[in-house]
Amino acid sequence: MQAARLGAVKIGLLTGGGDCPGLNATIRAVVRSGVARGGHEFVGFRNGWAGVLADNAIELTLQSTAGILPRGGTILGTSRTNPYADGADGTAAVQDTLQGRGIDALLAIGGEDTLGVALRLHEDGVAVVGIPKTIDNDLDGTDVTFGFQTAVQIVTDAIDRLHTTAESHHRVMVVEVMGRHAGWIAVHAGIAGGADAILVPERRFDIEAVCGHLRRRHERGRSFSIVVVAEGAMPLEGTLQTTGAGGTDAFGHARLGGIGVTLEREIEQRTGYETRATILGHVQRGGTPTAFDRVLATRFGVAAMEAVAAGRFGTMVGVRGSEIVETPLAQALSEPKLLDPKLYETAELFFG
Ligand code: F6P
């Protein structure tokens with residue numbers, strides 16, 4: 001992976017998949033450090049891989065990336081476009097654009113899907129480095145992704161607000177949060193917000209056990225409860241009828257959402273406690289990043305630029321403890337990073 005240090009080069013940058021707070025901070029960090037340290041030039045592709053396929057890009061300069069550090073979303077736009085969808089020769093199409101623009105290396109900022117494309121390109125000989133982002137925090141090769149902490153704070157604030165209305169109305173509040181494969185947001189925000197039950201994709205839940213927690217709590221004199229559920233949580237086989245939002249994306253992922261509504265109905269029917277569901281949805285991905293995520297995003301941007309300058313392609317930057325690390329994309333993407341069972345056990349101590 002180690003290659004000769006590159007002179008001043010032209011680097012393509014893109015943000016793909018779901019957006020998250022911190023993307024702009026990363027773009028700024030890449031451009032600022034790349035210009036300051038190597039005099040490199042930058043091209044930003046619009047809307048993820050879609051922009052590479054359509055050769056739709058803008059020049060990224062110190063001027064065009066000024067003032068974006070605290071801004072949510074991505075100035076480049078994003079999409080869930082898969083260059084290899086329907087058997088297409090994604091590599092040839094990407095290479096065409098890169099060659100046409102004289103781009104020497106590509107920096108892909110994304111989650112499992114965007115970085116999966118980056119890995120395939122690397123295997124086909126394209127010079128690419130990955131930067132992990134996802135509010136779900138389910139990427140291996142890094143202890144944490146930027147966007148996650150901001151999402152946890154948004155959910156915690158929402159739970160705090162739901163607490164006061166739940167208490168006034170003596171209701172059970174079901175809070176549905178994002179988390180396709182992993183319950184990181186649910187567990188962190190659930191612990192921080194004092195949830196009475198937390199349901200995650202890693203463990204199928206028993207609706208009767210959930211109701212049991214709530215009954216026990218109510219028997220102790222509490223007249224309200226908070227249940228946090230990750231969108232990817234599933235009931236024990238054959239216990240509950242659930243419906244997704246329907247449809248799949250270009251990477252074959254089902255569109256999730258709606259488990260909270262199922263739980264609202266079931267909990268109310270089974271316990272007799274008045275229940276309401278709140279689906280936080282994309283609110284969790286919007287707005288300004290926390291200070292922690294701005295710093296992490298900045299460190300990732302600078303580190304990725306260093307990896308490109310040193311020719312260490314096919315890698316993804318990440319953080320282990322307080323150290324910035326690089327992991328081969330193939331290794332980082334081999335498995336999703338699921339919840340630490342110990343963390344869930346800690347959360348469980350406070351159920352019911
Ligand atoms: O980026 C991951 C994620 O936040 C998942 O938790 C969620 O299922 C998905 O994005 C929703 O994405 P969208 O509706 O924007 O396609």
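Residues numbered from 1 in each chain as written. Predicted model: local features only at pLDDT ≥ 70, side-chain atom pairs only at ≥ 80, totals over all residues. Heavy atoms only, no water.

On to the environment of Thr 156, then. Position of Thr 156 among the secondary structure elements: in helix α5 (residues 148-169). Judged by relative accessible area, which is 9%, Thr 156 ranks as buried. For Thr 156, the contacting residues outside a window of four places in its chain are Ala 189, Ala 192 and Gly 193. (Helix = DSSP H or I, 4+ residues; strand = E, 2+ residues; numbered from the N terminus. Buried < 20%, exposed > 50% of the residue type's maximum accessible area, 1.4 Å probe, protein only. Contact = heavy atoms within 4.5 Å.)

What follows deals with the site of the ligand. The immediate surroundings of the ligand are formed by Arg 80, Ile 135, Asp 136, Met 178, Gly 179, Arg 180, Glu 231, His 282 and Arg 285. In this structure, an oxygen atom belonging to the ligand sits 2.7 Å away from a side-chain N or O atom of Arg 80. Arg 180 is positioned with one of its side-chain polar atoms (N or O) 3.4 Å from an oxygen atom of the ligand. (Near = heavy atom within 4 Å. Polar contact = N/O pair within 3.5 Å; in protein donor to acceptor, adjacent residues only side chain to side chain.)

We now examine the nonpolar core. In terms of nonpolar packing, the biggest core is built from 64 residues, with Leu 107, Ile 131, Phe 146, Ile 198, Ile 226 and Val 228 touching the most fellow members. With nine residues, the single largest contributor to this core is helix α9 (residues 291-309). The contacts of Leu 107, once residues within four sequence positions are left out, are Ile 11, Gly 12, Leu 13, Leu 14, Val 30, Val 129, Ile 131, Ala 304 and Val 308. Of all hydrophobic cores here, the second largest spans 23 residues; its members include Ile 103, Val 126, Leu 139 and Ala 332. (Core = buried A, V, L, I, M, F, W, Y, C linked by side-chain atoms within 4.5 Å.)

Here the focus is helix α8 (residues 259-271). With 13 residues, α8 extends 18 Å from end C-alpha to end C-alpha; this agrees with the ideal 18 Å at 1.5 Å per step. Those residues of α8 that fall on the buried side of the exposure criterion are Ile 259, Gly 260, Thr 262, Leu 263, Glu 266, Ile 267 and Thr 271. One face of α8 carries all of its buried residues, which in axial projection span an arc of 150°. Looking one or two residues past α8, Gly 272 carries a phi angle of roughly 85°, positive in sign. (Expected span 1.5 Å × (residues − 1). Arc of directions from axis to C-beta.)

By the bridge criterion, six bridges tie strand β10 (residues 315-320) to strand β11 (residues 323-328) in an arrangement that is antiparallel. Residue pairing in the sheet places Gly 318 in a bridge with Val 325 of β11. Between β10 and β11, which pair antiparallel in sequence order, lie two residues; one of them, Gly 321, sits at a positive phi of approximately 60°. (Pairing = 2+ DSSP bridges.)

Taken in spatial order, the four strands make up an open sheet running β7-β8-β6-β9, and their pairing is parallel. The open sheet has two edge strands with one neighbour each: β7 (197-199) and β9 (275-279). Sheet twist, expressed as the average angle between the axes of neighbouring strands with direction ignored, equals 15°. Taken together, the six bridges between strand β6 (residues 172-177) and strand β8 (residues 225-230) define a ladder with parallel strand orientation. From the neighbouring strand, Val 172 faces β8, where its bridge partner is Ser 225. Along the sheet, α5 contacts β6, β8 and β9; its crossing angle with β6, the most-contacted strand, is approximately 165°. (Axes fitted to C-alpha atoms, helices over the stretch in contact; angles between N-to-C directions.)

Counting buried residues in β6 gives six out of six residues, a clear majority hidden from the surface. Neither face of β6 is open: one carries Val 172, Val 174 and Glu 176, the other Met 173, Val 175 and Val 177, and all of them are buried. Looking at chain direction, β6 and β9 are connected through five bridges and run parallel. Its bridge partner being in β9, Val 174 is matched across the sheet by Ala 277.

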